[in-house]
Amino acid sequence: MKKMVLSILVDNTAGVLSRVSGLFSRRGYNIDSLTVGETQDHAYSRMTVVVNGDDQILEQIRKQLLKLEDVREIRELLPDESVCRELILVKVLSTVKERQAIIAVADIFRAKIVDVAMESLMIELTGNQAKIDAFIKLLEGYTIKEIVRTGITGLSRGSGDIADYLDD
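Because the structure is a prediction, the values reported are computed rather than measured.

The rules behind the values
Residues numbered from 1 in each chain as written. Predicted model: local features only at pLDDT ≥ 70, side-chain atom pairs only at ≥ 80, totals over all residues. Heavy atoms only, no water. Helix = DSSP H or I, 4+ residues; strand = E, 2+ residues; numbered from the N terminus. Buried < 20%, exposed > 50% of the residue type's maximum accessible area, 1.4 Å probe, protein only. Contact = heavy atoms within 4.5 Å. Areas by Shrake-Rupley, 256 points an atom, 1.4 Å probe, with all protein chains shown as cover. Lys, Arg positive; Asp, Glu negative; His and termini not counted. Charge placed at Lys NZ, Arg CZ, Asp CG, Glu CD. Pairing = 2+ DSSP bridges. Axes fitted to C-alpha atoms, helices over the stretch in contact; angles between N-to-C directions.

Moving on, we get to the overall build of the protein. A count of helices and strands for the protein gives five helices and nine strands. Going residue by residue from the N terminus, the α and β elements of the protein occur as β-α-β-β-α-β-β-α-β-β-α-β-β-α. For the protein, the C-alpha atoms occupy an extent of roughly 55 × 35 × 30 Å along the three principal directions. In the protein, buried positions account for 37% of the 168 residues. When contacts within the protein are restricted to residue pairs at least 6 apart in sequence, those whose partners lie at least 24 apart make up 72%. Surface summary for the protein: the accessible area is close to 9,900 Å², and the carbon and sulfur share equals 51%. Mean positive and mean negative side-chain charge positions of the protein (22 and 26 charges, respectively) differ by 4 Å.

So, in structure tokens, the structure goes:
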């Protein structure tokens, strides 16, 4: 199985997310991660979709997405040619004794403490999946109450923009 990160430029219209995600569910494909947001041009949104499959399945996903009326462009975000990041919030139970050790781990990863309560800390971290996973692994010795991950989002490296997508 191979992981593929797709950057999909779509019309910013009602129902576009439903149509794209529906394509995956109708064909029995799983979405590992999905992020969506409006671009600098309000007429378009960018979806970052992470999927796994063999080469045949991944090519089929591309072809099916291109058939959708709302889809303007699809680009694969290759590791050497793009920057991909994910945001995570982690709520960790902490005694007074544990607090400094947890903060030290957060500092190593350049994470931010975004909330402090009597019995817990909430930590925010942005990075690639490997960094996020390594951070969570180091926190396994503590009681993690909640985790939320945004999913991967990314852009191609260089100075290109939406106009480049639409001109191709």
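For the rest of this paragraph, the subject is the environment of I147. Take I147: it is sitting in strand β8 (residues 144–149). Take I147: its relative accessible area is 39%, and that puts it in the partly exposed class. Those residues in contact with I147 that lie beyond four places of it in its chain are I88, L89, V90 and I136.

Turning our attention to the sheet that holds strand β4 (residues 71–76). Judged by pairing direction, the sheet is antiparallel, and its four strands sit side by side in the order β2-β3-β1-β4 without closing on themselves. For this open sheet the edge positions go to β2 (31–38) and β4, each flanked by a neighbour on one side alone. Averaged over all pairs of adjacent strands, the angle between strand axes in this sheet comes to 20°, irrespective of strand direction. Alignment of strand β1 (residues 2–11) against strand β3 (residues 44–53), held across 10 bridges, turns out to be antiparallel. Bridged to D11 within β3 is Y44. Strands β1, β2 and β3 of the sheet are contacted by helix α1 (residues 16–26), whose axis makes an angle of about 15° with β3. Contacting β1, β3 and β4, helix α2 (residues 55–67) runs over the sheet at an angle of about 5° to β1.

This part is about the pairing of β1. Where burial is concerned, most of β1 is hidden: eight out of the 10 residues are buried. Sheet analysis places β1 next to β4, joined by five bridges and oriented antiparallel. Along β4, the bridge assignment pairs I8 with I74.

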